[in-house]
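Overview (structure and organization)
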Amino acid sequence: ESFGTARPVRNDNSSRFGKFIEIRFKSDGTLIGASIETYLLEKVRLISQTLGERNYHVFYEMLAGMTDEDLEAVRLDDYSAEDFKITSCSGTYDRRDGVKDTDTFEDLVDALEVMGFDE
């Protein structure tokens, strides 16, 4: 969710990814294989957002949710979303649905730990 969604003008949580699914069959109709290709729909969102939009949620979540110690370790301790072009060009920093970036960052960390990632 954090890496693949952003806040466009119309809602707070719009997916920026797409999938192309190819299913292959033999001439008798027997399934012989399938593949799924995931692709980024809006590469432009990384560098530009219009008024009322914001970039991918993960950027805001990290800046809002990381501990001071972790922010210092990655040299982000003196910065906020307002300090970076990729997170500030639209002037929009929050979500309209009331979801807090600190809360979703905690969910992201929990999910990464479940997947076997550690600090």
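First, a word on scope: everything that follows refers to the structure included in this document.

Parameters at a glance
- Residues numbered from 1 in each chain as written.
- Predicted model: local features only at pLDDT ≥ 70, side-chain atom pairs only at ≥ 80, totals over all residues.
- Heavy atoms only, no water.
- Axes fitted to C-alpha atoms, helices over the stretch in contact; angles between N-to-C directions.
- Helix = DSSP H or I, 4+ residues; strand = E, 2+ residues; numbered from the N terminus.
- Parallel < 35°, antiparallel > 145°, perpendicular 65-115°, else oblique.
- Contact = heavy atoms within 4.5 Å.
- Nonpolar A, V, L, I, M, F, W, Y, C, P; charged D, E, K, R; others polar.
- Expected span 1.5 Å × (residues − 1).
- Buried < 20%, exposed > 50% of the residue type's maximum accessible area, 1.4 Å probe, protein only.

Brief notes about the packing of helix H1 (residues 57-65) against helix H4 (residues 101-114)
The contact between H1 and H4 brings their axes to 8 Å, and the two run at 100°. As judged from the angle between their axes, H1 and H4 are roughly perpendicular. Of the residues in H4, those in contact with Val58, Tyr60, Glu61, Met62, Ala64 and Gly65 of H1 are Asp101, Thr102, Thr104, Phe105 and Leu108. Broken down by class, the residue content of the contact of H1 with H4 amounts to six nonpolar, three polar and two charged.

Topic: H4
Between its first and last C-alpha, H4 extends 20 Å over 14 residues, near the 20 Å set by a 1.5 Å rise per residue. Where the residues of H4 are buried, they touch strand E5 (54-56) and H1. Gly116 sits one or two positions beyond H4 and adopts a positive phi of about 100°.

Re the environment of Lys85
For Lys85, the position within the fold is in helix H3 (residues 85-88). Owing to a relative accessible area of 63%, Lys85 belongs among the exposed residues under this scheme. C-alpha of Lys85 to C-alpha of Gln49: the two residues are 36 residues apart in sequence and 9.9 Å apart in space.

These figures capture arrangement, not role.
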